[in-house]
Amino acid sequence: MEEEIYYRAVFYGISPSDSIRAFTMNVVETLQEFWQMKQARGADLRNGALVIYESVPSNAQPYVCYVTLPGGSCFGSFQNCPTKAEARRSAAKIALMNSVFNEHPSRRISDDFIEKAVAEARSSFKGDPEEADNPNTGIGAFRFMLESNKGRTMLEFQELMTVFQLLHWNGSLKAMRERQCSRQEVVAHYSNRALDDDMRSQMALDWIAREQECEGALRRELNQAERELESARIAGRELRFPKEKKDILVLAHSQVNMS
């Protein structure tokens, strides 16, 4: 309750004591209200202000729940939750904390932010330092995409960023480079595409092909993705990229088992 009061006080610009009297809704409702208010204030939410919850199927505790915010960011329950309702509240809590923090000016895409993000991407994928300034590389395309979205916050930008992280992870950006596609063409194409079932299915087909070339590659990648997602969830980090990786690999694995 104390945390919820604090979030409301920060968002609405009132004192915590006043917020106790003014608000009684729970953290799940507060999170939805937060994003509806942002949309009403003019935030560019292409897919609307709906907050989406996804409970992991389980017949026993601890229960796990994921929440996807408008803009594409994803968070998960980070506590040991004895009920499904508690898992939803846990996910909403960490998502609301990040939503409030996202209002800080440091979360807007700026020149300094771009330099840090590119350095982290290069480190994650063990890229050559020179790739960041090369327009024909995945890291170079990532930089161009960030520069094209200066001024937006990271939570508002997350889905587009996840699309390019997945394209880089999946090898699609490299394939586009080999087909002589320019970074402007790639960014323009994917900036207008949603991260939907069609895109996931196409990436799953790529992993099925890899499995056919090297038996066991899919299972190894899936095991790693599951470990990464679990570690990030417990740590309370943003989860869209690791969760999408796992979902794509699970889809590919199920199709391989059916064949």
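These figures come from a predicted structure and were not determined experimentally.

Reading the values: the criteria
- Residues numbered from 1 in each chain as written.
- Predicted model: local features only at pLDDT ≥ 70, side-chain atom pairs only at ≥ 80, totals over all residues.
- Heavy atoms only, no water.
- Salt bridge = Lys/Arg side-chain N within 4 Å of Asp/Glu carboxyl O.
- Helix = DSSP H or I, 4+ residues; strand = E, 2+ residues; numbered from the N terminus.
- Buried < 20%, exposed > 50% of the residue type's maximum accessible area, 1.4 Å probe, protein only.
- Contact = heavy atoms within 4.5 Å.
- Core = buried A, V, L, I, M, F, W, Y, C linked by side-chain atoms within 4.5 Å.
- Axes fitted to C-alpha atoms, helices over the stretch in contact; angles between N-to-C directions.
- Parallel < 35°, antiparallel > 145°, perpendicular 65-115°, else oblique.
- Left-handed = near helix turned anticlockwise from the far one by under 90°.
- Nonpolar A, V, L, I, M, F, W, Y, C, P; charged D, E, K, R; others polar.

Q: How should I be thinking about the pattern of salt bridges in this particular structure?
A: Proximity of charged atoms lets side chains of opposite charge pair with each other. Per the counting criterion, the structure on display carries 13 salt bridges. Arg-89 is the partner of Glu-86 in a salt bridge, and the nearest nitrogen-oxygen pair spans 2.8 Å. One end of the pair, Glu-86, and the other, Arg-89, are both in helix H4 (residues 84-101), 3 residues apart, so they sit about a helical turn from each other. On the accessibility criterion, Arg-89 (34% relative accessible area) is partly exposed. Residues Glu-159 and Arg-240 are paired through a salt bridge, measuring 3.6 Å at the closest nitrogen-oxygen approach. Taken together, the residues span a long stretch of sequence, with Glu-159 in helix H7 (residues 154-170) and Arg-240 in helix H12 (residues 240-258) at a distance of 81 residues. Summarising the burial analysis for this pair, Glu-159 and Arg-240 share the class buried. Within this structure, Glu-159, Asp-197, Arg-200, Arg-240 and Glu-244 form a network of salt bridges that share partners.

Q: Would you explain the environment of Leu-146 in this entry?
A: Topologically, Leu-146 is positioned in helix H6 (residues 138-147). Not counting the four nearest positions on each side in its chain, Leu-146 is found in contact with Ile-109, Ile-114, Ala-117, Val-118 and Phe-157.

Q: How should the nonpolar core be read in this particular structure?
A: It is characteristic of soluble globular proteins that their nonpolar side chains tend to be buried jointly. Within the largest apolar cluster, 38 residues are counted, with the highest numbers of intra-cluster contacts made by Phe-142, Leu-146, Phe-157, Phe-164, Leu-167 and Tyr-190. Broken down by secondary-structure element, the contributors of at least two residues to this core are helix H5 (111-124), H6, H7, helix H8 (172-178), helix H9 (183-191), helix H10 (197-213), helix H11 (217-234) and H12. If you look at the next biggest cluster of nonpolar residues, it comprises 24 residues, including Ala-49, Leu-69, Leu-96 and Leu-155.

Q: What should I look at first to understand the packing of H7 against H10 in this one?
A: How two helices sit against one another is set out by the angle between their axes and by the gap between those axes. Running from N to C, H7 and H10 point in directions that differ by 15°, and their axes come no closer than 11 Å. Relative to H10, the element H7 is oriented roughly parallel. For the crossing formed where H7 meets H10, the hand is left-handed. Facing H7, whose interface residues are Val-163, Leu-166, Leu-167, Trp-169 and Asn-170, H10 presents Met-199, Met-203, Asp-206, Trp-207 and Arg-210. Split by residue class, the contact of H7 with H10 holds 7 nonpolar, 1 polar and 2 charged.

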